[in-house]
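One-letter residues, chain by chain:
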Amino acid sequence: DGMKKEWLKTAGVTALAFVAYRAYKLWELANSFSYRYTGLYFRKPKNVKELLNKFSLVLEVTIMNPTNTTLRLNGVRGGIYHKGVLLGTFVLKGFTIQAGDTPVKAEVLITPQNASALVNQITKGDYPVFDIRMDVIMPFGFVVKQEFKVNSRDYLPKNALNIFI
């Protein structure tokens with residue numbers, strides 16, 4: 001009985017150490033990725049109902065993985081902020097990050113009021129700097145928080161008439 005308890009205790013400690021090690025390696029891998037923003041644009045509303053109720057700001061990103069390891073993410077959820085105000089949120093379902101470059105598109109749903117304010121600001125030549133805050137959901141449910149700044153001047157069309165692609 002004592003030997004069985006000792007074995008169970010050892011097995012439990014070993015399993016816990018393994019899980020902690022895997023969590024650390026996943027965190028280390030996630031933090032080795034870098035991100036290159038390749039596009040930012042407003043998606044045209046498809047109809048009048050959408051024009052009145054839903055705008056999308058599309059953020060295109062390339063995730064650069066310097067390792068030879070692929071990683072299946074359970075998902076990514078996050079928000080885009082301007083001057084501390086949440087403009088909208090996005091959710092990406094699970095996908096695999098390959099070795100090298102993996103392109104990803106996140107469609108951020110924003111209110112027409114926020115879209116209108118942003119378009120007015122941009123047409124005046126005042127391009128906002130967005131804060132992107134996201135939770136990367138790793139295997140086993142581990143979450144890695146990441147934050148970035150994106151200067152829309154570098155990505156949005158310079159001609160305000162072409163802001164909707």
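Refer to the structure above for everything that follows.
No experiment lies behind these values; they were computed from the predicted model shown.

Draft legend 1. Seen up close, the overall build of the chain. Within the chain one finds three helices and seven strands. Each helix (α) and strand (β) of the chain, taken in turn from the N terminus, gives the series α-β-α-β-β-β-β-α-β-β. Summarising the internal contacts of the chain: among those between residues at least 6 apart in sequence, 65% fall at separations of at least 24. Counting only carbon and sulfur atoms, one obtains 59% of the accessible surface of the chain, whose full area is about 10,000 Å².

Draft legend 2. Geometry of the packing of aromatic side chains. In the structure shown here, the tally under the stated rule is two aromatic pairs. For the ring pair Tyr 37 and Phe 148, a centre distance of 6.2 Å and an interplane angle of 70° mean the geometry is edge-to-face. Separated by 111 residues along the polypeptide, Tyr 37 in strand β1 (residues 34-43) and Phe 148 in strand β7 (residues 143-151) bring together distant segments of the chain. We classify Tyr 37 as buried; its relative accessible area is 13%. Among the aromatic residues, those joined into a ring-pair cluster are Tyr 35, Tyr 37 and Phe 148. Positioned above the aromatic ring of Tyr 81, the side-chain terminus of Arg 133 is 3.8 Å from the ring centre.

Draft legend 3. Focus on the pairing of β7. With nine bridges connecting them, strand β6 (residues 129-137) and β7 associate as antiparallel partners. Paired with Val 129 across the two strands is Asn 151, which belongs to β7. The antiparallel pairing of β6 with β7 creates a hairpin that spans five residues between the two strands, and Phe 140 there sits at a positive phi of about 65°.

Draft legend 4. Broad picture of the sheet that holds strand β4 (residues 85-97). Strand order in the open sheet made by the seven strands is β1-β2-β5-β4-β3-β6-β7, with antiparallel pairing throughout. Of all strands in the sheet, those bounded by a partner on one side alone are β1 and β7. Taken pair by pair, the neighbouring strands of this sheet meet at an average axis angle of 20°, ignoring direction. As defined by bridge partners, strand β3 (residues 71-82) adjoins β4 across eleven bridges and the pair is classed as antiparallel. Residue pairing in the sheet places Gly 79 in a bridge with Thr 89 of β4. Of the strands in this sheet, β1, β2 (55-65), β3, β4, β5 (100-110) and β6 touch helix α3 (residues 112-123), which is tilted by about 100° from β1.

Draft legend 5. Representation of α3 within the structure. Over its twelve residues, α3 extends 16 Å from the first C-alpha to the last, a length consistent with the 16 Å expected when each residue adds 1.5 Å. Residue Gly 125 follows α3 closely and has a positive phi angle near 85°.

Draft legend 6. Representation of the pairing of β1 in the model. Counting buried residues along β1, seven of its ten residues qualify, which places the element largely inside the surrounding structure. Pairing of β1 with β2 involves nine bridges; the strand directions are antiparallel. Looking at β2, one finds that Gly 39 is bridged to Glu 60.

Draft legend 7. Geometry of the side chain of Gln 121. With respect to the secondary-structure elements, Gln 121 resides in helix α3. Setting aside residues no more than four positions away along its own chain, Gln 121 makes contact with His 82, Asp 126, Tyr 127 and Pro 128.

Draft legend 8. Examining the pattern of salt bridges more closely. For the structure shown, the criterion picks out five salt bridges. For Asp 101, the salt bridge goes to Arg 36, with nearest N and O atoms at 3.6 Å. Here Arg 36 lies in strand β1 and Asp 101 lies in strand β5, a separation of 65 residues in the sequence. Note that Lys 145 is salt-bridged to Asp 135, the shortest N-O span being 3.0 Å. Taken together, the positions of Lys 145 in strand β7 and Asp 135 in strand β6 put the pair ten residues apart, joining distant regions of the chain. A residue is classified by how much of its surface remains accessible, and Lys 145, at 64% relative accessible area, is exposed. Among the charged side chains, a salt-bridge network with shared partners connects Arg 77, Asp 135 and Lys 145.

Calculation notes
Within every chain, residues take consecutive numbers counted from 1 along the sequence as written. Selection of residues for local features in this predicted model requires a pLDDT of at least 70, selection of side-chain atom pairs for listing and counting requires 80 or more, and totals for whole chains, interfaces and linings are taken over all residues. To get the side-chain values, all heavy atoms of the structure are used, and hydrogens and water are removed first. A run of H or I in DSSP counts as a helix once it spans at least four residues, and a run of E counts as a strand once it spans at least two, with each numbered from the N terminus. Note on contacts: a residue pair is in contact if any heavy atoms of the two residues lie within 4.5 Å. What sets the accessible areas is the Shrake-Rupley method with a 1.4 Å probe; for residues, cover comes only from the shown protein chains. Working definition: rings of Phe, Tyr and Trp (its six-membered ring) pair if their centres are within 6.5 Å, and the pair is stacked with planes under 30 degrees apart, edge-to-face with planes over 60 apart, and tilted otherwise. Categorising residues by exposure relies on relative accessible area from a 1.4 Å probe, with only protein chains included: less than 20% of the type maximum marks a residue as buried, more than 50% marks it as exposed, and the intermediate range marks it as partly exposed. Lysine and arginine charges are scored as sitting over a ring when NZ or CZ, respectively, is within 6 Å of the ring centre and within 35 degrees of the ring normal. For two strands to count as paired, DSSP must find a minimum of two bridges between them. Angles shown run from 0 to 180 degrees and are taken between the N-to-C directions of axes, each axis being a line fitted to C-alpha atoms and, for helices, limited to the stretch in contact. Helix span, expected: 1.5 Å multiplied by one less than the number of residues in the helix. Within this document, salt bridges are pairs made up of a side-chain nitrogen of Lys or Arg and a carboxyl oxygen of Asp or Glu, the two lying within 4 Å of each other.

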